[in-house]
Amino acid sequence: MIGKITGRIEYRAADHVLIDVRGVGYLVYCSDRTLAGLPGVGEMVALFTDLVVREDLMQLFGFPTLVEKEWHRLLTSVQGVGAKASLAILGTLGADGVSRAIALGDWNAVKAAKGVGPKIAQRVVLDLKDKAPGVMAMGGTVAAATGGAGAEVIETPAPAAPAAQAPASAQADALSALGNLGYSPGDAAGAVAQVAGDAPEADAATLIRAALKLLAPKG
């Protein structure tokens with residue numbers, strides 16, 4: 001399994017790049033969002049990758065973060081969602097947007113991706129809703145473990161501002177706290193995602209308080 005490659009971009013196409021790794025060229029297919037964020041031809045880049053092997057095909061798909069790679073893996077596990085549809089969803093929403101849409105059950109957001117119909121979008125939300133908390137928590141774990149710098153895999157990145165990484169870690173902490181209070185992963189993720197969408201810079205304590213209000217019995 002090729003899990004990550006680092007090399008120089010030789011050329012860019014509409015849906016992939018050719019990356020030269022010590023004289024070996026790898027074609028790596030990426031979402032529109034990922035391609036837009038890559039450096040120019042001749043620049044160095046590193047991407048997490050997923051290798052798909054079939055009888056008549058071998059393809060590498062590239063992702064800027066481990067969280068996005070994990071969402072790709074989960075999305076392609078849904079019946080009817082192939083690599084192309086997964087990249088379309090990730091390209092439209094990004095990893096955070098996918099987490100939020102699935103946690104909130106917002107299949108219309110998923111349907112906004114090119115080539116994804118309502119039935120597939122609903123299936124994605126239903127099949128993956130209980131898995132959203134784990135991926136959201138993974139984002140916080142990666143950010144905490146790397147101090148923010150490891151979340152970006154392009155070589156020699158500029159240091160990330162600490163505030164830009166706080167929301168991911170805060171969401172992971174809030175999910176953990178709500179789980180300890182007995183709330184189901186799906187309910188906790190939905191509440192945290194809704195609060196984070198309204199207040200993206202909220203810290204863990206703020207997320208927990210607001211999520212508890214949403215989860216409180218009505219009436």
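Thresholds applied
- Residues numbered from 1 in each chain as written.
- Predicted model: local features only at pLDDT ≥ 70, side-chain atom pairs only at ≥ 80, totals over all residues.
- Heavy atoms only, no water.
- Axes fitted to C-alpha atoms, helices over the stretch in contact; angles between N-to-C directions.
- Helix = DSSP H or I, 4+ residues; strand = E, 2+ residues; numbered from the N terminus.
- Parallel < 35°, antiparallel > 145°, perpendicular 65-115°, else oblique.
- Left-handed = near helix turned anticlockwise from the far one by under 90°.
- Contact = heavy atoms within 4.5 Å.
- Nonpolar A, V, L, I, M, F, W, Y, C, P; charged D, E, K, R; others polar.
- Pairing = 2+ DSSP bridges.

What follows deals with the packing of helix 8 (residues 185-198) against helix 9 (residues 204-215). Axis separation between helix 8 and helix 9 bottoms out at 9 Å; the angle between their running directions is 120 degrees. What the angle tells us is that helix 8 and helix 9 run oblique. As helix 8 runs across helix 9, the sense of the crossing is right-handed. Within the contact between the two elements, helix 8 uses Asp-187, Ala-191, Val-192, Gln-194, Val-195 and Ala-196 and helix 9 uses Leu-207, Ala-210, Ala-211, Leu-214 and Leu-215. By residue class, the composition of the contact of helix 8 with helix 9 is 9 nonpolar, 1 polar and 1 charged.

Further remarks concern the pairing of strand 3 (residues 24-29). Pairing between strand 2 (residues 16-21) and strand 3: 6 bridges, direction antiparallel. If you follow Ile-19 over to strand 3, its bridge partner there is Tyr-26. The loop that links strand 2 with its antiparallel partner strand 3 comprises 2 residues; one of these, Arg-22, has a positive phi angle of about 55 degrees. As paired strands, strand 3 and strand 5 (residues 57-63) are joined by 2 bridges and run parallel to one another. Paired with Val-28 across the strands is Leu-60, a residue of strand 5.

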